Amino acid sequence: MLVDIEGERIKSVRGDPEHPVTRGAVCTKLTHYSSVAESADRIWSPQKRVGPKGRGEFTPISWDEAAALICEQIVSVSKEFGSSAILPYTYTGTMGIVNRYAIERFFHAINASQLRRSICVDSAYAGWTATIGKVIGTDCSRMRDADLIVLWGINAMSTNMHIMTHIAQARAKGARFVVIDPYKNRTAAIADLHIKIKPGTDAALALAIAHVLIEENLIDLDYIEKYTLGFEELKKRAEEYSPARVAEITGLPVSTILDLARAYGRARAPFLRIGFGLSRNLNGAMMVRTVACLPGLVGAFRKPGGGCFLASGGVWDFDSDKLRRPDLMAAPTRTINMVQLGQALTELDPPVKLLYVCAANPATVTPDSSKILRGLARADLFTVVHDQVLTDTARFADVLLPAPTFLEYTDWYRSYGHYYIQKGGAAMARQGDTKTNWEAVSFFAGKLGLTEKALFETPEEIMGQCLRPDSPFMRGITLEALDSGKPMRAHVSADGDPFEHGFFTPSGKLEFFSSSLADQGLDPLPAHVSTTEGLTNEAMTARYPLHFMTPPSHFFLNASCGSGAYHKKQQGRPTVKVTPEDAEIRGIKDGDIVRIYNDRGECFTYAEVTDVVQPRVIVAEAGWWASRMPGGKGVNQLTTEELTDLGEGAAFHTCLVELEIANSQINLAAF
Ligand SMILES: Nc1nc2c(c(=O)[nH]1)N[C@H]1C(S)=C(S)[C@@H](COP(=O)(O)OP(=O)(O)OC[C@H]3O[C@@H](n4cnc5c(=O)[nH]c(N)nc54)[C@H](O)[C@@H]3O)O[C@H]1N2
Ligand SMILES: Nc1nc2c(c(=O)[nH]1)N[C@H]1C(S)=C(S)[C@@H](COP(=O)(O)OP(=O)(O)OC[C@H]3O[C@@H](n4cnc5c(=O)[nH]c(N)nc54)[C@H](O)[C@@H]3O)O[C@H]1N2
Ligand SMILES: [Mo]
């Protein structure tokens, strides 16, 4: 990004025309970043709570006073309850490598409970890894030469806009563009074909495609022989998934399944881009694993212009131990899954007594948030929140710490959607009395009297330690080389087959049959498994007949940007999309306030009656701060803490609810 600063203000944020991926384009969330940086919700100095928890009433204090309060709690909680009663909850507010990961050093040094950070990618990565072995894939720029592009469970117009340029180029040359998604999102709306699948049934569709490819001999036997494992077993499994049976499961016409399979089998260069959306289901990892088998059947990876991509995260083999320093832990401690923060704060024994939230907003983005709010309201819980703005979570803080924006500090950033890493320098002077995440924990370490050198190193020192310029993927990527500020590429083929020399699985092949899954006592073959909570469960749907999905919004970045005046205005108002039939049954009209509810919780929003969704599936694009929804409750009140099939991820989209009209239940004047 190029940022123009005038005095102390951000004048503009633009894409860097010389950047190999963005080529001068940045998303609307960032071009209007000043609206976030200058938001009325910004916090400029440390604060101490003066009102009841959750009310957001604070008084300014100094960093020294804040440190005294926090350190006193660290000492007394450790003494009385053991240091595992301390829990850090840190996540993706900043993607800077030092400020995101190195802060764990401090929590290791005080021997706090560890956090399993699996809310985002872990279930998708586990599924992909089972088939492919490492989270790398075909460079997305190769899509430019594809003749069939399938986006599967990814709303790229909103979440990965840079690939849309490649897609436009391919389409100009005649490529067909298909989107597979339970609702017509922004991306599906411009596709040649939108396959409106029933949520959670994608593995069945992928197996039906395999069925047709095999039956109609549209497979690449030479590729299968050289590069894959378990074809005979897969063939047998796929026999169970006839297009007729899968039509029932997925709600798609048989003709659509046949058309997609044949198009995939006959394409000169089919490119499959798998998204994270489908992985956010209780059967999500298996869905990703199953879809990832398809390129193996047709040899897509070696077809120029073809391939498959989920993410690039696997190339960044930093020395994680040097970055996070788990060796600083004096004794083994427990690990708490971030997806289950609600449980951790309300049910865990021994309890969490000190919660340190940094660069995260769990009250809004973490599942089963009614439990989290109950936890945050506990009188015996001491909560520290380090953020730029007064979020829904920050309102519950005992001590609130102000953070700068990424434009005010140096860090290093790597993508999980492409293969570049880059240093981002501070573009402007520090505003207010803020500390970065690393500066804050270093400061507290000093006040606690800790002496371990690793807690006081500079960001440059830390970064220098964790880079591995000798590793095959990160060859030549040194601190000095990154200093130029220019993006540096990891070593993955830019326009060829990343798996030319084999896959990264135990067998070195693309594994239709996975012995590592078999070793874990799991089904070694791809399969469709319907979830207990889902439209096929009649006992549950009798009470909660609607499937509820909450994918990200176009103008928010998770709950970041929820403070931006521009972003809120563009996003309009929070809504739930519901079909005319489902609305009519419930007497709901477009624009009504509705209540969405299940046994976990409830939230209120505006009804948007529309055919972009399908019968019995409703969609509320997420990211609105709960405090800005009518009724003050967010969509994650409804979502489950149950973990996905592999990878211990979050299953935001596996969620049954009911909907009712609620115009008279809400006093809108309050919001
Ligand atoms: N229902 C539903 N829920 C979801 C999702 C979904 O699709 N549906 N998506 C999930 C996904 S993929 C993810 S990754 C998670 C994201 O969850 P989080 O990582 O909690 O992301 P944000 O909500 O963006 O909160 C980040 C906070 O960090 C603050 N921040 C920014 N920069 C800094 C900094 O330098 N220092 C500090 N201290 N703070 C900073 C921002 O102001 C913001 O409040 O949400 C998940 N939640
Ligand atoms: N504008 C914007 N951009 C973002 C974010 C944001 O909040 N806003 N968040 C960022 C983050 S942290 C992440 S991880 C990425 C995620 O970005 P993506 O990979 O695009 O994933 P999601 O947006 O979670 O989901 C994409 C689509 O999956 C669909 N989906 C849900 N369940 C199923 C299913 O069972 N089958 C199929 N086929 N589709 C399904 C949803 O309807 C949605 O349209 O986006 C990043 N970019
Ligand atoms: Mo994410």
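Bear in mind that the values here come from a model prediction, so they are computed numbers and not experimental data. (Residues numbered from 1 in each chain as written. Chains lettered and ligands numbered in written order. Predicted model: local features only at pLDDT ≥ 70, side-chain atom pairs only at ≥ 80, totals over all residues. Heavy atoms only, no water.)

Caption draft 1: Structural view of the site of ligand 1. Close to ligand 1 lie 28 residues, the nearest being Thr 92, Asp 387, Tyr 409, Thr 550 and Ser 560. Ala 359 is positioned with one of its backbone polar atoms (N or O) 3.4 Å from a nitrogen atom of ligand 1. Backbone polar atom of Leu 557 to an oxygen atom of ligand 1: 3.3 Å apart, as the coordinates give it. Out of a free accessible area of 940 Å², ligand 1 has 94% covered by protein chains. When we break the shell around ligand 1 down by domain, the ones giving at least three residues each are domain 2 (41–120 + 333–467) and domain 4 (538–661). (Near = heavy atom within 4 Å. Polar contact = N/O pair within 3.5 Å; in protein donor to acceptor, adjacent residues only side chain to side chain. Areas by Shrake-Rupley, 256 points an atom, 1.4 Å probe, with all protein chains shown as cover. Domains from an automatic or database assignment.)

Caption draft 2: Expanded view of the sheet that holds strand β19 (residues 488–489). Taken together, three strands build an open sheet; the order of strands is β17-β18-β19 and the sheet is antiparallel. The sheet is open, and its two edges are formed by β17 (411–414) and β19, each paired on a single side. (Pairing = 2+ DSSP bridges. Helix = DSSP H or I, 4+ residues; strand = E, 2+ residues; numbered from the N terminus.)

Caption draft 3: The arrangement of the nonpolar core in detail. With 138 residues, the main nonpolar core has Leu 151, Trp 152, Ile 274, Leu 297 and Met 463 as its most contacted residues. Ranked by residue count, the leading element in this core is helix α9 (residues 202–215), at 11 residues. Viewed by domain, this core spans two of them, domain 2 (41–120 + 333–467) and domain 3 (124–310 + 499–511), each represented by three or more residues. With near-sequence residues (within four places) excluded, Met 463 lies in contact with Ile 97, Val 98, Phe 318, Trp 412, Ile 421 and Leu 479. By size, the runner-up hydrophobic cluster in this structure holds 31 residues, among which are Val 36, Leu 546, Val 578 and Leu 638. (Core = buried A, V, L, I, M, F, W, Y, C linked by side-chain atoms within 4.5 Å. Buried < 20%, exposed > 50% of the residue type's maximum accessible area, 1.4 Å probe, protein only. Contact = heavy atoms within 4.5 Å.)

Caption draft 4: Region of interest: the sheet that holds strand β16 (residues 399–402). The strand order β4-β3-β16-β15-β14-β5 describes an open sheet built from six strands, whose pairing is mixed. Every interior strand has two partners, whereas the edge strands, β4 (58–60) and β5 (86–90), have only one. This sheet shows a mean twist of 20 degrees between the axes of neighbouring strands, independent of strand direction. Pairing of strand β14 (residues 354–358) with strand β15 (residues 382–387) involves five bridges; the strand directions are parallel. Within β15, the position partnered with Leu 354 by the bridge is Phe 382. Sitting on the sheet, helix α20 (residues 437–447) is in contact with β14, β15 and β16, with an inclination near 150 degrees to β14. (Axes fitted to C-alpha atoms, helices over the stretch in contact; angles between N-to-C directions.)

Caption draft 5: Local environment of the pairing of strand β21 (residues 546–549). The two faces of β21 match: Leu 546 and Phe 548 on one face and His 547 and Met 549 on the other face are all buried. Alignment of β21 against strand β26 (residues 656–661), held across two bridges, turns out to be antiparallel. Across the sheet, the residue bridging to Leu 546 is Val 657, located in β26. Direction of pairing for β21 relative to strand β25 (residues 617–619): parallel, over a ladder of three bridges. In the strand pairing of β25, His 547 is matched with Val 617.

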